[in-house]
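# What the coordinates show
The chain contents come next:
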Amino acid sequence: MVVYTTSDDEFASAVDRIATVRGESVVTEFESAVERDGAVVWVDSPSNFAERTLSALQRRLLDRGPEDGAFGLISGFTPADAEDLYCTRTDPSGEDVLLCSHHLDPIMPDQLPETPGLLTGDRATAKAVENRTETPIQSFQVASAGREIHISLSDGYLCGFPSSRDVEAFSGPQPFCVDDGERDCPLDGQLVPTDAIDAAHLFLLSCTTVIDNGSAGLPVHAAMGLLDGAESMIGSYRVSTSRPHELFFHNSLLQAGYDVTERCYLLNKNAHANGLMFHPYVAFGKPDAAIDDPHEPTFDVEVRAGEQLDSDVRSGDDCHVHLTDIDAHVIDFRIPQTNVPTHDDRLYVRTLNDVDEQVYYAAFEQDGDLRVLVYTGGRMQLDALELAVSAERIHHVQRQIALDSVTVLPHLDRLGFVDDAMAEQVDQFENQVRSFVKRTKDEKYKTDLDASVQQQLDSIHGHESHVREAFLSLLRENPSTPHRIYSGNVVSEDSYPVRESCPYCSDAPVFVEQLDGWSGMESRLLGSCGNCGPIFNVPANGACSDPTYPVVHCDFSGDERTQSVEIAFENDTDTPMRTTFQPVLDHMDNVAEQFFEPEREDVVLSPGESHTAEFVIDTGQIPDYRYKVRGQVVANLDLYTGNTTTVLGDKAGYYPPHLR
C-alpha cells in the first residue's frame, strides 16, 4: 500500500499518523504513487482533491482491477476527522436507509425491491429521514437531485451546513447559505443536517459532488457532512448523469459483502457500459471497507451458447444462461468469450421466465470473459432464472425499420410528397417513435422489457401503416410520374453517367440527373437511357455513382391474354427494409385504375437481400399501345421507382430498340 499526500499544512499530521499505523513511508509525487503496486491511500485536505488526479486514479483502478488498482480518499472537516475515517471502526448495527427522491426518473411501485428502509417519492421526507437516522445505521444511500450544499427531499433538503462544528473555523469563501458563520438558507422546506446522519457506509448518487468545487470552495458541503463519522463513501467527483437503479446496484453489492473498492469499480464499469458517464465515482475510506455481516450468495449456473430463440426478439447466436437455487443479493458470474455472442457495441441480458420482481443487470468484458451481475436491489430467493445474452436489442428488426422510416419523413415533406391528408398521420407516427426511444432506454439495464417493447412497436407499426397507405394513395392519384409531385421543390445540381449500362437494351449508357431539394438535405436521382428513356427515380442515399433501383421485367407481345410483370429490388443498405412492391401502368385513359393482380406485395428485406415480386395483368382490359410500366417500391417510407417500356399489339408506333 502507498500513502500519498499533497499537504504540508495541518493535515500533514494526520498523514504521518496514518503512515505510521500502516508502517509505510509518505509519497508526495503522484506519478511515483500510482506506479507502485497495491492500493493508494490519498490523505489530504478536502480542497486538495483535483478532478484530473481523481480521474487518473480511476483509470488505474479500471486498468489494474480492484486487486492491484485500489485506492481510498481519506479526508474530513478536520485532520482528526480524517484519522477517524481511516483508523476508527464504526458501529455496524442498524438498518440500511435508501433514499430515492421523486426528483429523478419515476420508478413504478411494482418495480421497487423488497428492501426495508426504502424511502421513495413523497415518502422521502425530512421527518422520515430524521426518524430513520436517530440511531446509528449501517448505510445511508441517496439518489436525488442536489447541488453543492443541498440534496433534495420531497419537502425539504439534506443540508451540508455543519450542525456540530463552527463554520468559521474553515478558511475560504463561504457557500451562499452561510452568512457570517450562521446558516441563512434561502431555500424553503425542512432542513436535515447531513453531519447528523450517523451511517457507516454511504452512497451518493446526485449532482452534489464529493469534492470541493462550484461556489463552495471549502469543506462545507453535503458530502463532507455525510462523511463525518462514516467508514466509507462512494460518490461522483463531478456532476454526472445517473439513474435510480444505480442505487439498487450499490445496495445489492453492499449487502453481498463487496468492499468499497470493488463497489466503486463495478459502479464505474456499469456507468460507462450504459453511457451514463465516463467513470464518475470515487471511494472514500479504507480500500477494504465493507459491512461486517454480508449475506453469502448461493446459486448454480449453466451456460449454453448459440441457442435460436426468436429471430426478431433475439439473434441466433444468443447465449442462454440457466440459474437455479438462487439465494443472493447479487448473482455474479462469468461467460467464457467462446460462448459470448459476436457483437460490435454492447450486449443485452433478458429474462426468459416470469419473475415477480424487477430484475436489473450489468454486463461488461473483464479479463477476456463477459462478466454479468444480476440484481434487484433486495435479496433474491428464486427457484430458477432463465437469461439470454444477446448482441441485438429487443425486436431489433422492427425497431430499425421504425427509426429509419421516421428519418425519411422530413425529406419527403420538403420534397412535397406529404400532402394535407398525410400530414396528420406523419405527426402521429413521429410522436410515437419519439416516445418509444425515450421509454426504451431502460433496456440497457432492465431484463424484462420484451412485452412492453413489443406493445409499443405494434402501435408504431400501426401508425407507420397509416402513413404508408396515405403515401401509396398519393402515388396512385398521380400515376404518370412521381417526379411531377416534387419537381417544383428541387433544382438540377449535376449530370453524369453511371457505371452500369441500361438493364433493358444493354448497349446504351445510363445518365443520371441529380436533383437537390431547397434545404440541401435531400437529393433524388433520375436515370435515363438514350434508347429507353427514363428508367429510374430514386433517393441518392450516398450512392450517386451506382444507385440501386427497381428493375421491371415484362413483355406484352405474346399471344396470351394474361401477362406477367416482375419487379426486382435489392436492399443495399445496412438496415432492414419494410417494402411495398406495386406495379403501375402509365395508361392514357385509365390513369388511376388498377390492372394488376395482386395490387401490391409487402415484404421485409434484410440488408443485402433481394426480392422479385410477381404480378399478372389481363391485357384484354387495355387497348393496343406502347406502355410505360413502372415498378414502385416504398421501402421504409422512401420511394424507389423503375420504368420499362412494353408494346401491346402492332399499332404502337415507335418501338424501343430492345423491342424491335
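In short, a report on the structure. Given the structure is predicted, the values throughout are model-derived calculations rather than measurements. (Residues numbered from 1 in each chain as written. Predicted model: local features only at pLDDT ≥ 70, side-chain atom pairs only at ≥ 80, totals over all residues. Heavy atoms only, no water.)

### Side note on the overall build of the chain
Worth spelling out the cut-off: Secondary structure is summarised from DSSP: a helix means a run of H or I of at least four residues, a strand means a run of E of at least two, and numbering begins at the N terminus for each. Each residue is placed in one exposure class: buried if its accessible area under a 1.4 Å probe, protein chains only, is under 20% of its type's maximum, exposed if it is over 50%, and partly exposed if it falls in between. To measure how exposed things are, a 1.4 Å probe is used in the Shrake-Rupley method; for residues, cover is taken only from the protein chains shown.
Along the chain, the regular secondary structure elements total 13 helices and 32 strands. A burial count over the chain gives 55% of its 660 residues as buried. Of the roughly 27300 Å² of accessible surface on the chain, 44% is carried by carbon and sulfur atoms.

### Examining the environment of Glu-365
Our working definition: Contacts between residues were defined by any pair of non-hydrogen atoms, one from each residue, lying within 4.5 Å. The term polar contact refers here to a pair of N or O atoms within 3.5 Å; inside protein, the definition further demands a hydrogen-donor-capable atom paired with an acceptor-capable atom, and it admits residues adjacent in sequence only when both atoms are side-chain atoms.
Its place among the elements puts Glu-365 in strand 19 (residues 360–366). Taking the C-alpha atoms as reference points, Glu-365 and Arg-334, 31 residues apart in sequence, are found 9.3 Å from one another. Those residues in contact with Glu-365 that sit more than four places away from it in its chain are Lys-269, Gln-337, His-343 and Leu-370. Looking at Glu-365, its side chain comes within polar contact range of the side chain of His-343, at 3.2 Å.

### Some words on the packing of aromatic side chains
The following threshold applies: Aromatic rings from Phe, Tyr and Trp, taking only the six-membered ring of Trp, are treated as a pair when their centres fall within 6.5 Å; an angle between ring planes under 30 degrees marks them as stacked, one over 60 as edge-to-face, and anything in between as tilted. Sitting over a ring, as applied to charges here, requires NZ of Lys or CZ of Arg to be within 6 Å of the ring centre and within 35 degrees of the ring normal.
One pass over the structure, following the stated rule, counts 14 aromatic pairs. Considering the side-chain rings of Phe-203 and Tyr-281, the 5.8 Å spacing of their centres and the 50 degrees angle between planes classify their relative orientation as tilted. Of this pair, Phe-203 sits in strand 13 (residues 199–205) while Tyr-281 is found in strand 15 (residues 281–285), placing the two residues 78 residues apart along the sequence. By relative accessible area, which is 1% here, Phe-203 ends up buried. On the accessibility criterion, Tyr-281 (1% relative accessible area) is buried. Ring pairs connect the aromatic residues Tyr-4, Phe-30, Trp-42, Phe-49 and Phe-284, which therefore count as one cluster. If you follow Arg-346 out to its NZ or CZ, it ends over the ring of Tyr-348, 4.8 Å from the centre.

### Brief notes about the side chain of Ser-75
The residue Ser-75 is located in the loop between strand 4 (71–74) and helix 5 (79–87) in this model. Looking at Ser-75, its side chain comes within polar contact range of the main-chain oxygen of Asp-44, at 2.8 Å. If we skip the residues at most four places from it in the chain, Ser-75 touches Phe-11, Asp-44, Ser-45, Pro-46, Phe-49, Asp-81, Ala-82, Leu-85 and Leu-227.

### Quick word on the sheet that holds strand 9 (residues 156–159)
Through backbone hydrogen bonds, the strands of a sheet pair up, either in parallel or in antiparallel fashion. Applicable threshold: Whether two strands pair depends on DSSP finding at least two bridges between them. All axes are obtained by fitting lines to C-alpha atoms, using only the stretch in contact for helices, and the reported angles, taken between N-to-C directions, cover 0 to 180 degrees.
If you trace the three strands from one edge of the open sheet to the other, you get 8-9-12, paired in mixed fashion. Of all the strands in the sheet, just strand 8 (150–152) and strand 12 (190–193) have a single pairing partner and so form its edges. Put simply, the sheet's adjacent strands are angled 30 degrees from each other on average, direction ignored. Of the pairings in the sheet, the one linking strand 8 to strand 9 comprises three bridges and is antiparallel in character. Within strand 9, the residue paired with Ile-151 across the bridge is Leu-158.

### Points about the pattern of salt bridges
The cut-off we apply is this: Any Lys or Arg side-chain nitrogen located within 4 Å of an Asp or Glu carboxyl oxygen qualifies as a salt bridge.
The tally for this structure, following the rule as stated, stands at 17 salt bridges. Of the charged contacts in the structure, one is a salt bridge between Arg-371 and Asp-332, with a shortest N-O distance of 2.7 Å. In this pair, Arg-371 sits in strand 20 (residues 369–390) while Asp-332 sits in strand 17 (residues 319–335), placing the two residues 39 residues apart along the sequence. Each of the salt bridges in this network shares a partner with another, and the network as a whole consists of Arg-350, Arg-393, Arg-399 and Glu-443.

### Observations concerning the state of the cysteines
Note the cut-off: The disulfide criterion used throughout: a pair of cysteine sulfur atoms within 2.5 Å.
According to the stated counting rule, one finds zero disulfides in the structure shown. Cys-532 takes part in no disulfide bond, and the closest cysteine sulfur, belonging to Cys-502, lies 3.8 Å away.

### Re the environment of Ala-388
Relative to the helices and strands, Ala-388 is located in strand 20. Residues Ala-388 and Cys-319, 69 residues apart in the sequence, show an inter-C-alpha distance of 5.6 Å.

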